[in-house]
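Structural overview for review
Here are the chains, one letter per residue:
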Amino acid sequence: MKAPAFDFARPKDLDEALKLLRQGGRPAAGTQSLGPMLNLRVAHPALLVDIRGIEELRATSESDEAVMLGACVTHAEIEDRRVPDPTGGLMASVAANIAYRAVRNRGTIGGSLAHADPAADWPTVLTLLNAVAVIAGPQGQREVAVESFATGIFTTVLAADELLVALVIPKRSPRARYGYWKFCRKAGEFAQAIGAALHDPERDELRAVMGALQGPPYLLPDGELNDAALATAGDDAYSRQLHVVALRRAVAQITE
């Protein structure tokens, strides 16, 4: 099956991209999710806006408090540590286990978050890290905590004329420990269950997140498993147990 016909534009900067979105355009970065959707005719935009070449979306910066990654930074760039990693290797390790290298060469961190597939890695990781999404639109820029970014399966707070520009990830102390575990049927597939944990004793910070749920990642209050979290893991005992084990294994990594 072939994709339906559409117009194509490659804006030179963010302002031009936003103008095209106001005209009904749909943004495209790595197209690792959008491409198959076009071929299956699940998505049928009249205008596709290629945002990969926009400098503002590929920029990175680092301060004493945080790292900023442009939305079009690829998984491979994170895997190869060609961009700052505020987690001392967690983000590089997660990126290295996303799909296959060909996908990682094109897929982007911002595209993954904006697509809001519950089984994807970055929504869970960025929720764990208490990251902030920087969004640009007709009224200027606004910031949204990643834990509030997804509103459901494949749905987010982004309006049709808004674009995810960057992600701001707070730094932790050198003593911070990170844990991440996911279950997949085979290497390269989307996860069936994800557990993630963070402990920074110097900042008295403990966070734990369950991912690959029937909705957005679930941030556990005080890092403790509860019935509300289990309810999002599925209706059957197998799915719930898979998520419990994933979380326990992630927690074990920060306590070893």
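Just above sits the structure.
A few words on the side chain of Asp121. Within the fold, Asp121 resides in helix α8 (residues 121–128). Residue Asp121 is classed as buried on the basis of its relative accessible area, which comes to 7%. Polar contacts involving the side chain of Asp121 include one to the side chain of Lys182, which spans 3.1 Å. Ignoring any residue separated from it by four or fewer positions in sequence, one finds Asp121 in contact with Val94, Ile98, Tyr180, Lys182 and Ile194.

Over the atoms, a rolled probe matching the size of one water molecule traces out where space is still vacant. Its boundaries defined by the atoms lining it, the second largest pocket holds a volume of some 230 Å³. Taken together, 13 residues form the lining of the second largest pocket, with Ser93, Val94, Asn97, Tyr180 and Lys182 sitting closest to its centre. At the level of elements, α5 (90–96) and β11 (177–183) are the ones that each hand at least two residues to the lining of the second largest pocket. Here the lining of the second largest pocket takes four residues from α5, the largest share from any one element. Here the residues of the lining of the second largest pocket sort into eight nonpolar, three polar and two charged.

As for its position among the elements, Lys171 is in the loop between β10 (163–170) and β11. Side chain to side chain, Lys171 and Glu62 meet in a polar contact 2.8 Å long. Discounting chain neighbours no more than four positions away, the residues touching Lys171 are Glu62, Ser63, Asp64, Glu65, Ala66, Val67, Pro86 and Arg203.

Criteria and cut-off values
- Residues numbered from 1 in each chain as written.
- Predicted model: local features only at pLDDT ≥ 70, side-chain atom pairs only at ≥ 80, totals over all residues.
- Heavy atoms only, no water.
- Helix = DSSP H or I, 4+ residues; strand = E, 2+ residues; numbered from the N terminus.
- Buried < 20%, exposed > 50% of the residue type's maximum accessible area, 1.4 Å probe, protein only.
- Polar contact = N/O pair within 3.5 Å; in protein donor to acceptor, adjacent residues only side chain to side chain.
- Contact = heavy atoms within 4.5 Å.
- 1 Å grid on protein atoms, 1.4 Å probe; cavity = no way out; pocket = protein on both sides within 12 Å on 5 of 7 lines; lining within 4 Å.
- Points joined across faces, edges and corners; volume = space filled by probe spheres on them.
- Nonpolar A, V, L, I, M, F, W, Y, C, P; charged D, E, K, R; others polar.

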